[in-house]
Amino acid sequence: MKRKAFAITLIAYGFLAPALVLMGLFTFYPVFYGSYLGFTDYTVADLASGEGPQWVGFKNIQFVLGDPLFQTGVLNSLKYLLVVPLLQIASLAVAVLVNQKLPLMAFFRVGYYIPVVTSISLAAVMWEWIFQKEGFLNWSLQLLNVLNSEGRFNWLLNENTALWAIMLVTFWRGFGYYMVLYLAGLQSIPAELEEAATLDGANAWQRFWLIIVPLMRPTLLLCSLLSTIAAIRVLEEIIVFTGGSGGPLNSTYTALLYVYNKSWGNMLNANFGVAGAAGLLIALVGFALSYVNFRLTREERSER
């Protein structure tokens, strides 16, 4: 029996080996090497001359923490977290709606998911037209008498609205993804539970809070974590809409954009040590938020 169990284990690891090798090369190695670079002095000049990184300890971390541009990026990334609760509530609400057995429901599910698979470059063309001075958003607000013709402006070129406009694009892109995850969680709930609650006189709101939400807690935790990490690591939208500048007036400059501009975004002045230190700090913030999320969820379970 031991020999048979060993053979089964060996076969299992044989199937896992290709994936483990790829993860080691493209995930674990970059993470550990990037963290190491955060404690070294390693610029593009060193890379060109073939010189290796020089250990400097916590010098880069001290520089990053004292850099006003990084502080601005962290503040904007924290603002981006406001997308998380709105995105999760909306995704769960629509998942409940499209989980109903009604005609053309499959069409609506696909329609909500299309933004997820739409290229950000293609989406940017549409959203830039929506946000421009003569665009659809200003036209709609003028139609509702919220703005007049003199009050129209380009939402992406105004430092007070640029970040919120890009956050709306992130909401639009992520909405369908989390909806599908919630929909999968909803369809795993036995229908007999809701039927029994209905027979006991529970209305739709009571069934949602007393049956769906408790049973969906693992999915809620997963989606909240994924959405939080994605908000902290937002980069694609910022690069596409601002060209990597984080403008106007650094109003859309995020923490991860700081890492990008300190490394591959500006190769002439690249400092991989500073970029590694900033990336390490962002990772620590992500771990801290994940820990808080898990902690709150565990406390809620223990209270029950």
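Residues numbered from 1 in each chain as written. Predicted model: local features only at pLDDT ≥ 70, side-chain atom pairs only at ≥ 80, totals over all residues. Heavy atoms only, no water.

Caption draft 1: Structural view of a nonpolar patch on the surface. A grouping of Tyr13, Leu16, Leu20, Met23, Phe28, Val31 and Phe32 is seen on the molecular surface, where their side chains present a nonpolar patch of about 730 Å² in accessible area. Mapped onto the fold, tyrosine 13 is located in helix 1 (residues 2–37). (Patch = residues over 30% accessible without salt bridge, like charges linked within 9 Å, V, L, I, M, F, W, Y side chains within 5 Å. Areas by Shrake-Rupley, 256 points an atom, 1.4 Å probe, with all protein chains shown as cover. Salt bridge = Lys/Arg side-chain N within 4 Å of Asp/Glu carboxyl O. Helix = DSSP H or I, 4+ residues; strand = E, 2+ residues; numbered from the N terminus.)

Caption draft 2: Structural view of the side chain of glutamine 88. Among the structural elements, glutamine 88 can be located in helix 5 (residues 83–98). Engagement of the side chain of glutamine 88 in a polar contact is seen with the side chain of tyrosine 182, the distance being 2.6 Å. Sequence-distant contacts of glutamine 88, that is, excluding residues within four places in its chain, are made with Tyr178, Tyr182, Cys223, Ser224 and Ser227. (Polar contact = N/O pair within 3.5 Å; in protein donor to acceptor, adjacent residues only side chain to side chain. Contact = heavy atoms within 4.5 Å.)

Caption draft 3: Region of interest: the pattern of salt bridges. In this structure the tally under the stated criterion is 3 salt bridges. The salt bridge partner of glutamate 134 is arginine 152, with a shortest N-O separation of 3.1 Å. Of the two residues, glutamate 134 sits in the loop between helix 7 (120–131) and helix 8 (136–143) while arginine 152 sits in the loop between helix 8 and helix 9 (162–187), which places them 18 residues apart along the sequence. Under the relative-accessibility criterion, arginine 152 is labelled partly exposed at 22%. Measuring nitrogen to oxygen at the nearest pair gives 3.3 Å for the salt bridge that ties glutamate 236 to arginine 173. (Buried < 20%, exposed > 50% of the residue type's maximum accessible area, 1.4 Å probe, protein only.)

Caption draft 4: Region of interest: the packing of helix 9 against helix 12 (residues 217–232). Contact pair helix 9 / helix 12: the axes reach a minimum separation of 10 Å and the direction vectors enclose 165 degrees. As the angle between them shows, helix 9 and helix 12 are arranged roughly antiparallel. As helix 9 packs across helix 12, the resulting crossing turns out to be right-handed. For the pair helix 9 and helix 12, contact is made by Tyr177, Tyr178, Leu181, Tyr182 and Gly185 and by Thr219, Leu220, Cys223, Leu226, Ser227 and Ala230, respectively. Its residues placed into classes, the contact of helix 9 with helix 12 shows 8 nonpolar, 3 polar and no charged. (Axes fitted to C-alpha atoms, helices over the stretch in contact; angles between N-to-C directions. Parallel < 35°, antiparallel > 145°, perpendicular 65-115°, else oblique. Left-handed = near helix turned anticlockwise from the far one by under 90°. Nonpolar A, V, L, I, M, F, W, Y, C, P; charged D, E, K, R; others polar.)

Caption draft 5: Main features of the packing of helix 5 against helix 6 (residues 105–117). For the pair helix 5 and helix 6, interaxial distance at closest approach is 10 Å and the crossing angle is 155 degrees. Put simply, helix 5 runs roughly antiparallel to helix 6. The two elements helix 5 and helix 6 meet at a crossing, and its hand is left-handed. Residues Val94, Leu97 and Val98 of helix 5 pack against Met105, Arg109 and Tyr112 of helix 6. Looking at side-chain class alone, the contact of helix 5 with helix 6 contains 5 nonpolar, no polar and 1 charged residues.

Caption draft 6: Focus on the packing of aromatic side chains. The tally for this structure, following the rule as stated, stands at 20 aromatic pairs. Aromatic side chains phenylalanine 39 and phenylalanine 58 sit 5.5 Å apart centroid to centroid with 90 degrees between the ring planes, which places their arrangement in the edge-to-face category. Pair noted here: phenylalanine 39 is in the loop between helix 1 and strand 1 (40–41) and phenylalanine 58 is in the loop between strand 2 (54–55) and helix 3 (59–66), with a separation of 19 residues, a long-range link. The interplanar angle of 50 degrees and the centroid separation of 5.2 Å between the aromatic rings of tryptophan 264 and phenylalanine 272 together place this pair among those described as tilted. Classification of tryptophan 264 by relative accessible area gives exposed; the value is 55%. Site record: aromatic cluster; members linked through ring pairs are Tyr29, Tyr33, Tyr36, Phe39, Trp55 and Phe58. (Phe/Tyr/Trp six-rings, centres within 6.5 Å; stacked < 30°, edge-to-face > 60°.)

Caption draft 7: Layout of helix 1. With 36 residues, helix 1 extends only 45 Å from end C-alpha to end C-alpha; this falls clearly short of the ideal 52 Å at 1.5 Å per step. A maximum bend of about 45 degrees is found in helix 1 at glycine 24. (Expected span 1.5 Å × (residues − 1). Bend = angle between axes of the 7 residues up to and from the residue.)

Caption draft 8: Just unusual backbone geometry, in detail. Between glycine 247 and proline 248 the backbone carries a cis peptide bond, its omega angle lying at 0 degrees. Mapped onto the elements, proline 248 comes out in the loop between helix 13 (236–242) and helix 14 (255–262). Positive phi outside glycine occurs at asparagine 145, with the angle close to 65 degrees. You can see asparagine 145 is positioned in the loop between helix 8 and helix 9.

Caption draft 9: Layout of the confidence of the model for the protein chain. Taken as a whole, the protein chain shows an average pLDDT of 86; of its residues, 97% reach a score of 70 or greater. Taken element by element, the protein chain is modelled with least confidence in helix 15 (residues 272–303), mean pLDDT 78, and with most confidence in helix 3, mean pLDDT 93. (pLDDT = per-residue confidence, 0-100.)

Caption draft 10: Representation of helix 3 in the model. Regarding helix 3, the residues found buried are Asn60, Ile61 and Val64. Looking down the long axis of helix 3, one finds its buried residues gathered within 100 degrees of arc, a one-sided arrangement. Turned more than 90 degrees away from the buried face of helix 3 sit Lys59, Gln62 and Gly66, all of them exposed. (Arc of directions from axis to C-beta.)

Caption draft 11: How the structure looks around the nonpolar core. Ranked by size, the top nonpolar core spans 59 residues in total, and within it Val64, Phe70, Tyr80 and Phe131 carry the most contacts. The element contributing the most residues to this core is helix 9, with 11 residues. Setting aside residues no more than four positions away along its own chain, tyrosine 80 makes contact with Leu163, Ile166, Met167, Thr170, Ala231 and Val234. (Core = buried A, V, L, I, M, F, W, Y, C linked by side-chain atoms within 4.5 Å.)

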